[in-house]
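For reference, the chains in residue letters:
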Amino acid sequence: MRAAVYYGKNKVEIEDVPEPTPGEGQVKIKVSRNGICGTDLHEYYDGPIFIPPSEPHPLTGKCLPLTLGHEFSGVVTDIGRGVTTIREGDRVVVEPIYRCGECRPCRTGLYNLCNVIGFHGLMADGGMAEYTVVPVNQVHKLPDNVSLEMGALVEPMSVAYHAATLGEVNDQSRALIYGAGPIGIGLWFALRGMGLTEIDVVEPTETRRKSIEALGARTLDPTKEDVTSLIADRTNGDGVDAAFDAAGVAPAVQSAPECLGERRPLISVAIYEKPLPTPLINLVLRERRIQGTICYTSADYSAVIDLMAKDHYNTTGWVEDIPLTGLIEDGFEQLRAGKKMKLLIDPAN
């Protein structure tokens, strides 16, 4: 079968590899679509970062080289011994977290914070291939009315949904999102799904503003508007109930705390490649806080799948398919140049 095999910085090869066979407690999936994540870009242009270069990961036993891909959907074609909850022919998405089950986070249900966490497609052969094998505890069935193409977005939308829950908002809350990339869009959908109607999205790039505006979002251009003053006017000086940084740039981290109400959180969803100056005095004087967020749990997956079953998510204008053979030129390079928003790999092409 064909797979996108990662060998190190600037080296991914589309090559033939042996088709995997499920072991005990595993299922084999024929991959329909696999989304390209920002993590994949970081690994290709700057890595290896999360991918173990030489020491096998303690939970998976894998290191370089390995097949990329952790945002995917597909159809189960085979099951290993002991699997009873999934059948051949089931349409599924994968929650790609490997966890030990023994550390305190795992014991308390916070396995997304496992002390030795691993990820399918980063610490095990992933979904940028025609087939892949995963533990059955990573598998979620898709409702009949949710397409496999939409299912490939469950993973990134669950990242956003998990972050949204940490904002501790309700249908009367106001929220502010920095960044209108895929996770920013996911945050907007998640907050809308929680009943929020007062949401502003701060985005300096015109193409991204237009993409999320076409979905119904209200945007602010920080290059032309004083976001802090505008939010103060709109909220009568109260500030927003939660802010979300999906941009990962200094202006967002500096602006967001000034826009928050007292004792309200800034949820950091971005991956920060370098230290950023943080105006902590804006936290101290109003007892605001910064809250980190990483990944998701099965509850977030279930919530996103339920919203998808209600036709809540709209992919128009920001999601596109490309063939596996175009991974570098049509995928990584286009995303890095900011010319595309969200790309799904079709391993069959």
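Think of each chain on its own: its residues are numbered from 1, step by step along the sequence as written. Selection of residues for local features in this predicted model requires a pLDDT of at least 70, selection of side-chain atom pairs for listing and counting requires 80 or more, and totals for whole chains, interfaces and linings are taken over all residues. Remark: hydrogens and water are excluded; side-chain values derive from all non-hydrogen atoms of the structure.

**A short note on the overall build of the chain**
Let me state the cut-off plainly: The helix count covers DSSP runs of H or I at least four residues long, the strand count covers runs of E at least two residues long, and both are numbered beginning at the N terminus. Throughout, the radius of gyration refers to the C-alpha atoms, and the reference size of a globule is 2.2 Å times the residue count to the power 0.38. For every residue, the accessible area obtained with a 1.4 Å probe (protein chains only) is divided by the maximum for its type, and the residue is called buried under 20%, exposed over 50%, and partly exposed between those limits. For the area figures, the Shrake-Rupley method with a 1.4 Å probe applies, and any residue is considered shielded solely by the protein chains shown. Positive residues here are Lys and Arg, negative ones are Asp and Glu, while His and the chain termini are left out of the count. For this purpose, a charge sits on NZ of Lys, CZ of Arg, CG of Asp or CD of Glu.
If you tally the helices and strands in the chain, you get eleven helices and 18 strands. Against the compact-globule benchmark of 20 Å for 349 residues, the chain has a radius of gyration of 20 Å, which places it among compact chains. The C-alpha extent of the chain, read off along each of the three principal axes, is 60 × 40 × 40 Å. By the burial criterion, 53% of the 349 residues in the chain qualify as buried. Surface summary for the chain: the accessible area is close to 15,400 Å², and the carbon and sulfur share equals 47%. Counting 33 positive and 47 negative side-chain charges, the chain places the centres of these two groups 2 Å from one another.

**With respect to the nonpolar core**
Using the following cut-off: Grouping buried Ala, Val, Leu, Ile, Met, Phe, Trp, Tyr and Cys residues that are joined through side-chain atoms within 4.5 Å yields what is termed a nonpolar core. We call two residues in contact whenever any of their non-hydrogen atoms come within 4.5 Å of each other.
Counting residues in each nonpolar core, the largest one holds 76 residues, and the members touching the most others are Ile-36 and Phe-332. Considering every element that reaches this core, the biggest residue donor is helix α4 (residues 154-166), with seven residues. Excluding residues that lie within four positions of it along the chain, Phe-332 makes contacts with Val-12, Ile-36, Asp-40, Leu-41, Tyr-44, Tyr-45, Leu-68 and Leu-327. In terms of nonpolar packing, the next biggest core, distinct from the first, is built from 13 residues, Leu-176, Val-227, Ala-252 and Leu-260 among them.

**As for unusual backbone geometry**
The linkage connecting Gly-47 with the following residue, Pro-48, adopts the cis geometry, with an omega of 5°. You can see Pro-48 is positioned in the loop between α1 (38-46) and β4 (66-67). The step from Leu-64 to Pro-65 runs through a cis peptide bond, and the omega angle for that step is -10°. Relative to the elements of secondary structure, Pro-65 occurs in the loop between α1 and β4. Positive phi values are uncommon outside glycine, yet Glu-168 reaches one of about 55°. Residue position: Glu-168 is located in the loop between α4 and β11 (174-178). Positioned with a positive phi, Arg-263 is a non-glycine residue whose angle comes to about 60°.

**Describing a nonpolar patch on the surface**
Where we set the bar: Candidate patch residues must exceed 30% relative accessible area and have no salt bridge, after which like charges are joined if within 9 Å and Val, Leu, Ile, Met, Phe, Trp or Tyr side chains if within 5 Å. Every case where a carboxyl oxygen of Asp or Glu lies within 4 Å of a side-chain nitrogen of Lys or Arg is listed as a salt bridge.
Taken together, the side chains of Leu-110, Leu-113, Ile-271 and Ile-294 define a hydrophobic patch exposed on the protein surface, amounting to about 350 Å² of accessible area. Its location among the elements puts Ile-294 in the loop between β16 (289-292) and α10 (298-309).

**Let's talk about helix α8 (residues 250-259)**
Looking only at α8, the buried set comprises Ala-252, Val-253, Ser-255, Ala-256, Pro-257 and Cys-259. Here the buried face of α8 lies against β11, α7 (227-234), β14 (242-245), β15 (265-268) and α9 (281-284).

**Quick notes on the sheet that holds β4**
The pairing of strands in a sheet happens through backbone hydrogen bonds and is either parallel or antiparallel. Stated formally: Two strands qualify as a pair provided that DSSP identifies no fewer than 2 bridges between them.
Strand order in the open sheet made by the three strands is β2-β1-β4, with antiparallel pairing throughout. Edge positions in the sheet fall to β2 (11-16) and β4, since each has one partner strand and no second. Note: strand β1 (residues 2-8) against β2, six bridges, orientation antiparallel. When the bridges of β2 are listed, Ala-3 appears paired with Glu-15.

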